[in-house]
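So the chains spell out like this:
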Number of protein chains: 2
Amino acid sequence: MPPNGSSAKLSLEVVKTACSNCNLRELCLPLGLNDQELEKLDEMVASRRRLKRGDHLYHAGQAFDSIYAIRSGFFKTDVLIEDGRDQVTGFQMAGELLGLDGIGSEMHTCNAVALENSEVCVIPFSHLEGLSREIHSLQHHFHKVMSREIVRDHGVMLLLGTMRAEERLATFLLNLSQRFTARGFSPAEFNLRMTREEIGSYLGLKLETVSRAFSRFQEDGLAAVQQKHIRILDTPGLKMLMTHQRG
Amino acid sequence: MPPNGSSAKLSLEVVKTACSNCNLRELCLPLGLNDQELEKLDEMVASRRRLKRGDHLYHAGQAFDSIYAIRSGFFKTDVLIEDGRDQVTGFQMAGELLGLDGIGSEMHTCNAVALENSEVCVIPFSHLEGLSREIHSLQHHFHKVMSREIVRDHGVMLLLGTMRAEERLATFLLNLSQRFTARGFSPAEFNLRMTREEIGSYLGLKLETVSRAFSRFQEDGLAAVQQKHIRILDTPGLKMLMTHQRG
DNA sequence: AAACCACGTTGACGTGGATCAAACGCGGCC
DNA sequence: GGCCGCGTTTGATCCACGTCAACGTGGTTT
């Protein structure tokens, strides 16, 4: 069984799985709410949606009316322009929100694609705005989530604007590791859900460069890489790569 | 007198210049509010702050409690990390908001620096959250503003991840042009407030590359460039550069 | 007006990553 | 089991941009 393979084991529970008994509530929107607030939140979550690997949760251009909380699975978001250029803007995992990009223009501005079989909670945005007028802590937490998304994007801009290939990949691996850890998985060992090309698109590199950087990590004893299976061997070494270097 | 030179002429008006009679209200937070809602907004804007060229509005690490609406002037925001790397994450002009990055962690995560003498409205964030619980349209508009910031960042990621130097610069110029236009200035002629190095940092290029790209635009008749003064001569040509090309 | 200084331009050269190309590994499917 | 096809690895070559260096320019100081 793969370290954090959430793909297998179809859960049979058709039971009411609401925010109040969701084990992601400390990572997701409910954070900081009390019991009765949580109950209100339960009512807001309109429905669930299951997606198979490769399915689109939404497309760029599609009308926006809900945001989505990932219950399980793994997604990428990407933007593409006429001439065929394509940029992966992020990879999202359980507990994270999708669709915030659509609020501003009332339509989605990127594509969200499941990279493995996944399930999301559908949160009609007007309900969220309504409820966050009632529940201060929900309002505040939602603002924090949006703000953090902006900060995350700034981090990616820093990466794309100033880092060299291996620094980018090291940063990427450490970020994944940290997020897996927060979800109770191994910090050191995991399976990538995305291809080299998708990693490359996210990091502003070509797939060959990503592959070579992985090989280099392997040579240098920083990580054991076998296709999509990653084992981080030297976290401090990767951190060094990420921050240091230059000059 | 430069086309849109807001630098000179210190206005002596100490008059009450509130949102309700601010000529930026269609670009800024008040958008879509009715008269009585606007009055409430007036009360929320706690104070003004004037900054001279080079002054910091806030520093990374500083405690967050307010966001800022630019009344006049021009800013940059940048993040920098230990090893000296530095990424300009945006340039902001009148009517735009600064400080959204600070909500998530209760402290600012980037530096905001005035690139010319500027004035901002100080908006205590708790007041904004309070008022947006009362005024639905304010709440919704604020969410839109944050969302658009995310979308803008995705655009920059696309630029940094996939474009070549001249495409980046063309995109940058057209974006500035469009924003100046929205503020009633000439779409074709303006003065840059930032140095080549700052442009380069924003676009993920070195200052020499920026300079060369400007020279190339000059040669190709796309724009007349004289130090900081820019005159766009061939907007369609720049658009072509921006989107097309590749392959 | 001379001297200074920050910023910008231009040239020569080096290099990291892109591109092109070939082979390999692995899972899916008859 | 053997074939097929996608994803990955690896090598050889190329080129856009970075680096280093010299010089130009416009604005400010004295």
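Here the structure is shown first, and the text comes after it.
The structure reproduced in this document is the subject of the present report.

**Some thoughts on unusual backbone geometry**
Positive phi outside glycine occurs at A:Gln227, with the angle close to 55 degrees. You can see A:Gln227 is positioned in the loop between strand S10 (223-226) and strand S11 (229-232). Judged by relative accessible area, which is 66%, A:Gln227 ranks as exposed. With a phi angle near 65 degrees, B:Glu106 is a residue other than glycine that sits in the positive phi range. Mapped onto the elements, B:Glu106 comes out in the loop between strand S6 (97-98) and strand S7 (111-114). Taking the relative accessible area as the measure of exposure, B:Glu106 reaches 42% and is therefore partly exposed.

**Section: the state of the cysteines**
Residue and element names in this part refer to chain B. This model, assessed by the stated rule, comprises zero disulfides over all chains. Cys-28 forms no disulfide, and the closest cysteine sulfur to it belongs to Cys-22, at a distance of 6.5 Å. Residue Cys-28 is classed as buried on the basis of its relative accessible area of 12%.

**Things to note about the protein's contact with DNA strand D**
In the vicinity of DNA strand D, 17 residues are found, and the nearest of them are A:Ser211, A:Ser215, B:Ala165, B:Thr209 and B:Arg212. Among all atoms of DNA strand D positioned within 4 Å of the protein, those belonging to sugar or phosphate total 61%. Note that a phosphate oxygen of DNA strand D is positioned 2.8 Å from one of the side-chain N or O atoms of A:Arg196. Taken together, the elements giving at least two residues each to the surface near DNA strand D come down to helix H6 (207-219) of chain A together with helix H6 (207-219) of chain B. With five residues, H6(A) is the single largest residue contributor to the surface near DNA strand D.

**Focus on the interface of chain B and chain A**
Interface size is commonly expressed as the accessible surface area that is lost when the partners come together. Taken together, the contacts link 49 residues of chain B with 49 residues of chain A. Here chain B packs against chain A, burying approximately 4400 Å² in sum over the two surfaces, 59% of which is carbon and sulfur. By the criterion of area lost to chain A, the three top residues of chain B are B:Arg85, B:Arg133 and B:Met157, representing 17% of everything that side buries. Summed over the shared surface of chain B and chain A, the number is four salt bridges. A:Lys144 is the partner of B:Glu106 in a salt bridge, and the nearest nitrogen-oxygen pair spans 2.8 Å. One can count 29 residue pairs in polar contact (both at pLDDT 80 or more) joining chain B with chain A. Going through the elements one at a time, strand S5 (86-93), helix H2 (125-134), helix H3 (136-162) and helix H7 (235-243) of chain B are the ones with two or more residues in the side of chain B that touches chain A. Examining the composition of the side of chain B that touches chain A, we find that 20 residues originate from one element, H3(B), more than from any other. Tallied by class, the residues present in the side of chain B that touches chain A amount to 17 nonpolar, 18 polar and 14 charged.

**With respect to the relation of the copies chain B and chain A**
Superposition of chain B onto chain A requires a rotation of 180 degrees combined with a translation of 0.0 Å along the rotation axis, giving an RMSD of 0.0 Å. Those values place the two copies in the arrangement expected of a two-fold rotation axis. Taking the C-alpha atom as reference, chain B places B:Arg133 closest to the rotation axis, 2.3 Å from it. An overlap of 100% is found between the interface residues of chain B and their copies at the interface of chain A, pointing to a shared contact surface.

How each quantity is defined
- Residues numbered from 1 in each chain as written.
- Chains lettered and ligands numbered in written order.
- Predicted model: local features only at pLDDT ≥ 70, side-chain atom pairs only at ≥ 80, totals over all residues.
- Heavy atoms only, no water.
- Helix = DSSP H or I, 4+ residues; strand = E, 2+ residues; numbered from the N terminus.
- Buried < 20%, exposed > 50% of the residue type's maximum accessible area, 1.4 Å probe, protein only.
- Disulfide = S-S within 2.5 Å.
- Near = heavy atom within 4 Å.
- Polar contact = N/O pair within 3.5 Å; in protein donor to acceptor, adjacent residues only side chain to side chain.
- Contact = heavy atoms within 4.5 Å.
- Buried area = accessible area lost by both parts, 1.4 Å probe.
- Salt bridge = Lys/Arg side-chain N within 4 Å of Asp/Glu carboxyl O.
- Nonpolar A, V, L, I, M, F, W, Y, C, P; charged D, E, K, R; others polar.
- Least-squares fit on C-alpha atoms with pLDDT ≥ 70 in both.

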